[in-house]
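Reading the structure
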Amino acid sequence: MNKSASAGEMLGHPKGLFLLFGTEMWERMSYYGMRGIFVLYLSSLATATAMGWDMAYFGIDAAAAGADDLYQTELQKKALGILGTYAMLVYVTPVLGGWMADNVWGQRKSIIFGGIVMMFGQFALGTPHEYIAGMEQTFLWLGLALLIVGNGFFKPNISTMVGDLYVEGDKRRDAAFTIFYMGINTGSILGYFVVGTVGEKFDYQYGFLVAGVGMLLGVLLQLALSNKYLGNVGVEPSAKQTSGKDAVANKPLTPEERDRVKVILIMSFFTIIFWAGFEQAAGSMNLFAKYKTDLVFFGWEMPASWLQSVNPIFIIIMAPMFAAMWLKMGAAEPNSPKKFALGMFFLGLGFISMVGAALQIGDDANMKAHVIWLVMAYIFHTMGELCLSPIGLSMVSRLAPLKYTSLLMGMWFLFSGLGNYAAAAIGQLVGDAGPLSTFGGVAVMAFLGGICLWLLSDKLVDWMHGAEDFQSADDLESKLEEEMSVVGDHEGTQEKHI
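Quick caveat: nothing in here was measured; it's all calculated off a predicted structure.

Points about the pattern of salt bridges
- Summed over the entire model, instances satisfying the criterion amount to seven salt bridges.
- Note that glutamate 200 is salt-bridged to lysine 290, the shortest N-O span being 3.2 Å. With glutamate 200 in helix H7 (residues 173–201) and lysine 290 in helix H11 (residues 284–292), the pair connects residues that are 90 residues apart, well separated along the chain.
- Owing to a relative accessible area of 22%, lysine 290 belongs among the partly exposed residues under this scheme.
- Here glutamate 256 and arginine 260 are joined by a salt bridge, their closest N and O atoms 3.7 Å apart. Linking glutamate 256 with arginine 260, this pair stays in helix H10 (residues 255–278), spanning four residues, or about one helical turn.

Quick look at the structure:
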């Protein structure tokens, strides 16, 4: 429900969309920049020394044969475990943040509070070790805790506000989420290149400080412009937006609403499989890039974290193509569950590419894989993401009952968090089972999940009770023109987006 009327439009969408785009961009620059270097930071010898994670900590005999290799493996497993727990909790706390926004604060206050808390979290991680001797672990856990809590208030609520800019049935809503999703990817590109370069070429902690500055810019943007461009969107808790009467707000869900909630929860469950594979990017694939991939070009070594930027770069390139393709297909366009299944299949293809990288290096400790294997894996994963993530955000916005909108958006991210935790467990297997078996197993898991979801798709569509019928065949040309005009104008300005 649109409450932002007076701010006007730009490129066929409310101006508030582009404010949310900018706020999300800076927040994602902060988040993905930190994520791109975090496991490398934790597994570095300098960090291990500061944290007290020496060989004795892992029970390794320093004089034993192969102790150094075993130590590096255990250190990487420790780093992946911390990353996985952090990434899971980052997605669990949106349930709390969504409830608070729905019932107490509203989305606007929640995202500002979340942004400020995350900023301090990055600054805690970035505090140089020499200034906090003996408290290095305290600042690590404090920084992570602040990032986890802050993200819980920020993430579900800014996504919900995008949907609130449009009246029910507005055909621009999917295009808006695609544009918004590009804000996420623009920010992640900035994060990988700026934070990644500072972290790997200078000092990891300086990278965290730069990420904190990015979060500060996002908060300032929202504080300065939200009243002008968002109107009342996100001010009033959504549980109070019915008729203003408690009796209406507490009205039980209808059978149709319950069916739609079931669809959200079932499709969210399948995202566990997807993100368990996709989020290897920050963990095992990041470490594989750092230590097992040839990154030297003309005598210069590329930061390993840069490879993760392949995903957001190709999202920006491919998103217009996917949007145009779905529209051109008309009545033949796959429904949301089948798009999710396609996302699983593309994920599996990405790990087939990683199997190729593992086969190239074999058992030779000195052999390094060609970078093209990882590039192809990220491209396939990008195609899978385009079939799943923006479609999922829009699906939750369409199907969720009003008074549970942010809560169910939080549940969507909760399942993503469980996928992140599973990703860490899978990544730790690389040190024991090896990359070939691990990456091959993920490929099989992705293909099986896609098949199951494809078979369930018709039943899930029935439970949506018409929510999938938001496209009219006679309006395809105008919708295509709208999508592509947004793509061209945004890519040209570089705030970009599709």
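Here's the deal with the packing of aromatic side chains
- The tally for this structure, following the rule as stated, stands at 18 aromatic pairs.
- Ring centres 5.1 Å apart and planes at 85° place the aromatic pair tyrosine 41 and phenylalanine 208 in the edge-to-face group. In this pair, tyrosine 41 sits in helix H1 (residues 15–42) while phenylalanine 208 sits in helix H8 (residues 204–230), placing the two residues 167 residues apart along the sequence. Just as tyrosine 41 is buried, phenylalanine 208 falls in that class too.
- The structure contains a cluster of three or more aromatic residues connected by ring pairs, namely Tyr31, Tyr32 and Tyr192.
- Sitting over the face of the ring of tryptophan 463, lysine 262 holds its NZ or CZ atom 4.2 Å from the ring centroid.

What to know about the environment of isoleucine 313
- Here isoleucine 313 lies in helix H12 (residues 310–329).
- Isoleucine 313 gets classed as partly exposed once you look at its relative accessible area, which sits at 30%.
- Between the alpha carbons of isoleucine 313 and threonine 382 there is a distance of 9.2 Å; along the sequence they are 69 residues apart.
- In this structure, isoleucine 313 is in contact with Ile189 and Phe193, ignoring residues within four places of it in sequence.

Observations concerning the side chain of histidine 381
- Mapped onto the secondary structure, histidine 381 falls in helix H14 (residues 371–399).
- Owing to a relative accessible area of 1%, histidine 381 belongs among the buried residues under this scheme.
- In this view, histidine 381 contacts Phe274, Phe278, Met285, Phe346, Leu347, Gly350 and Phe351; residues no more than four positions away in its chain are not counted.

Topic: a nonpolar patch on the surface
- On the surface, a nonpolar cluster with roughly 390 Å² of combined accessible area is contributed by Val213, Leu216, Leu217, Leu220 and Leu223.
- Within the fold, leucine 216 resides in helix H8.
- Residue leucine 216 is classed as partly exposed on the basis of its relative accessible area of 31%.

Looking at the packing of H7 against H12
- Two elements in contact, H7 and H12, have axes whose closest approach is 8 Å; the angle formed by their N-to-C orientations is 150°. When the axis of H7 is compared with that of H12, the two are roughly antiparallel. Handedness of the crossing formed by H7 with H12: left-handed. Listed contacts from H12 to Thr178, Tyr181, Met182, Asn185, Thr186, Ser188, Ile189, Tyr192 and Phe193 of H7 are Asn311, Pro312, Ile313, Ile315, Ile316 and Ala319.

What to know about the environment of alanine 446
- Along the polypeptide, alanine 446 turns up in helix H16 (residues 435–463).
- Counting along the chain gives 176 residues from alanine 446 to phenylalanine 270, while the straight-line C-alpha distance between them is 9.9 Å.
- Contacts of alanine 446, omitting those with residues within four sequence positions, involve Ile273, Met344, Leu347 and Gly348.

Some details on the nonpolar core
- The biggest cluster of nonpolar side chains holds 131 residues, and the ones touching the most others in it are Leu17, Phe38, Trp53, Tyr86 and Leu307.
- No other element matches H1, which puts 16 residues into this core.
- If sequence neighbours within four positions are ignored, leucine 17 has contacts with Val162, Leu165, Tyr166, Ala176, Ile179 and Phe180.

Looking at unusual backbone geometry
- A positive phi is found at phenylalanine 298, a non-glycine position, where the angle reads about 55°.
- Following the sequence through the fold, phenylalanine 298 ends up in the loop between strand S3 (296–297) and strand S4 (300–301).

Conventions and cut-offs
- Residues numbered from 1 in each chain as written.
- Predicted model: local features only at pLDDT ≥ 70, side-chain atom pairs only at ≥ 80, totals over all residues.
- Heavy atoms only, no water.
- Salt bridge = Lys/Arg side-chain N within 4 Å of Asp/Glu carboxyl O.
- Helix = DSSP H or I, 4+ residues; strand = E, 2+ residues; numbered from the N terminus.
- Buried < 20%, exposed > 50% of the residue type's maximum accessible area, 1.4 Å probe, protein only.
- Phe/Tyr/Trp six-rings, centres within 6.5 Å; stacked < 30°, edge-to-face > 60°.
- Lys NZ or Arg CZ within 6 Å of the ring centre and 35° of its normal.
- Contact = heavy atoms within 4.5 Å.
- Patch = residues over 30% accessible without salt bridge, like charges linked within 9 Å, V, L, I, M, F, W, Y side chains within 5 Å.
- Areas by Shrake-Rupley, 256 points an atom, 1.4 Å probe, with all protein chains shown as cover.
- Axes fitted to C-alpha atoms, helices over the stretch in contact; angles between N-to-C directions.
- Parallel < 35°, antiparallel > 145°, perpendicular 65-115°, else oblique.
- Left-handed = near helix turned anticlockwise from the far one by under 90°.
- Core = buried A, V, L, I, M, F, W, Y, C linked by side-chain atoms within 4.5 Å.

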